[in-house]
Amino acid sequence: MRGLSQLSARERVLLLGGGALLLTLAGWLYLWQPLLAARASQAERIGHYLSVLALADRAGAAPMTAAESPESAAPLAQRVTRSSEAAGIPLARLDPEGVRLRITVAEAGFAEVIAWIAELEAGAGVRALSVEIARLTEPGRVSLRMTVEEAG
């Protein structure tokens, strides 16, 4: 404070006003902007989860059995392949295990994988027996191993 007393009144006003402006700018840049970015990111994630929940609700409202499914005459592997192509999920491997089918997906988006699994169970007459989802290093990307069988 001793240094301020040596300055003229005009210099003190300029120095204090500049300091206040600098603090305001720093608060906006380092506090407010990251909070807005985090809020937008969370809103997007919530939107994805809500869309998956809506899809699951629709699937639960009118579940189709294998006998009702229009694709029930097609082989299991063919139905899985068709639905994965429609969902944009690249299949890495399909391994038949008797009446079951083991599916491997090397990399896909988490929301897309969940929506695809819900669509498989709702529309393709397929029941998931086991699902193993592993995170990848890229955010939102996962790998999948799943065993499925006929729903009916």
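Since we're looking at a predicted model, the values are computed, not measured. (Residues numbered from 1 in each chain as written. Predicted model: local features only at pLDDT ≥ 70, side-chain atom pairs only at ≥ 80, totals over all residues. Heavy atoms only, no water.)

Asker: Sorry if this is basic, but what is going on with the overall build of the protein here?
Answerer: If you tally the helices and strands in the protein, you get four helices and four strands. Relative to a compact globule of 152 residues, whose C-alpha radius of gyration would be 15 Å, the protein shows 28 Å and is clearly more extended. Overall, the protein is about 90 × 30 × 20 Å in size when its C-alpha atoms are taken along their principal axes. Burial statistics for the protein: of 152 residues in total, 23% are counted as buried. Counted over contacts in the protein with a minimum sequence separation of 6, partners at least 24 positions apart contribute 53%. (Helix = DSSP H or I, 4+ residues; strand = E, 2+ residues; numbered from the N terminus. Rg over C-alpha atoms; globule rule 2.2 N^0.38 Å. Buried < 20%, exposed > 50% of the residue type's maximum accessible area, 1.4 Å probe, protein only. Contact = heavy atoms within 4.5 Å.)

Asker: Before we go on, may I ask you to explain the side chain of Ser84 in this structure?
Answerer: Following the sequence through the fold, Ser84 ends up in helix α3 (residues 76-87). Looking at Ser84, the relative accessible area reads 2%, which means it is buried. Not counting chain neighbours up to four residues away, the residues in contact with Ser84 comprise Ile89, Leu91 and Trp116.

Asker: What is the right way to read the sheet that holds strand β1 (residues 93-97) from this model?
Answerer: The pairing of strands in a sheet comes from backbone hydrogen bonds and takes either a parallel or an antiparallel form. Spatially, β1-β2-β4-β3 is the arrangement adopted by the four strands of the open sheet, whose pairing is antiparallel. Of all strands in the sheet, those with a lone pairing partner are β1 and β3 (126-135), marking the two edges. Between one strand axis and the next, the sheet turns through 20° on average, direction left out of account. By the bridge criterion, seven bridges tie strand β2 (residues 100-109) to strand β4 (residues 141-150) in an arrangement that is antiparallel. Counterpart to Ile103 in the pairing with β4 is Met146. (Pairing = 2+ DSSP bridges. Axes fitted to C-alpha atoms, helices over the stretch in contact; angles between N-to-C directions.)

Asker: Quick question: what am I supposed to make of the layout of surface pockets here?
Answerer: Which parts of space are left empty comes out when a probe the size of a water molecule is rolled across the atoms. The calculated volume of the largest pocket comes to roughly 470 Å³. Together, 19 residues line the largest pocket, and Arg45, Tyr49, Phe110, Pro139 and Gly140 are the ones closest to its centre. Among the secondary structure elements, those contributing two or more residues to the lining of the largest pocket are α2 (9-61), α4 (110-123) and β4. Per-element accounting of the lining of the largest pocket gives the leading share, six residues, to α2. Looking at side-chain class alone, the lining of the largest pocket contains eight nonpolar, five polar and six charged residues. (1 Å grid on protein atoms, 1.4 Å probe; cavity = no way out; pocket = protein on both sides within 12 Å on 5 of 7 lines; lining within 4 Å. Points joined across faces, edges and corners; volume = space filled by probe spheres on them. Nonpolar A, V, L, I, M, F, W, Y, C, P; charged D, E, K, R; others polar.)

Asker: It is not clear to me how the nonpolar core should be interpreted in this structure. Could you clarify?
Answerer: Nonpolar side chains tend to gather and get buried jointly when the protein is soluble and globular. Residues Val80, Ile103, Trp116, Met146 and Val148 are the most contacted members of the largest nonpolar core, which totals 17 residues. Elements with a minimum of two residues in this core: α3, β2, α4 and β4. Once you skip the residues sitting within four places of it in the chain, Val80 turns out to touch Leu91, Leu94, Leu101, Ile103, Trp116, Leu120 and Val148. (Core = buried A, V, L, I, M, F, W, Y, C linked by side-chain atoms within 4.5 Å.)

Asker: Is there a simple way to explain a nonpolar patch on the surface in this structure?
Answerer: Together, Leu25, Trp28, Leu29, Tyr30, Leu31, Trp32, Leu35 and Leu36 make up a nonpolar patch on the protein surface, roughly 910 Å² of accessible area in all. Note that Leu29 resides in helix α2. (Patch = residues over 30% accessible without salt bridge, like charges linked within 9 Å, V, L, I, M, F, W, Y side chains within 5 Å. Areas by Shrake-Rupley, 256 points an atom, 1.4 Å probe, with all protein chains shown as cover. Salt bridge = Lys/Arg side-chain N within 4 Å of Asp/Glu carboxyl O.)

Asker: Which parts of the structure should I look at to understand the pairing of β2?
Answerer: Both faces of the sheet carry side chains from a regular strand, because those side chains alternate between them. Examined bridge by bridge, β1 and β2 share five bridges and lie antiparallel to one another. By the bridge assignment, Pro96 is partnered in β2 with Leu101.

Asker: Before we go on, may I ask you to explain α4 in this structure?
Answerer: Helical geometry note: an α-helix holds 3.6 residues per turn, so side chains three or four residues apart project in the same direction. The end-to-end C-alpha separation of α4 is 20 Å, in line with the 20 Å expected for 14 residues at 1.5 Å each. For α4, the set of buried residues is Val113, Trp116, Ile117, Ala118, Leu120, Ala122 and Gly123. Just downstream of α4 lies Gly125, where phi reads positive at about 70°. (Expected span 1.5 Å × (residues − 1).)

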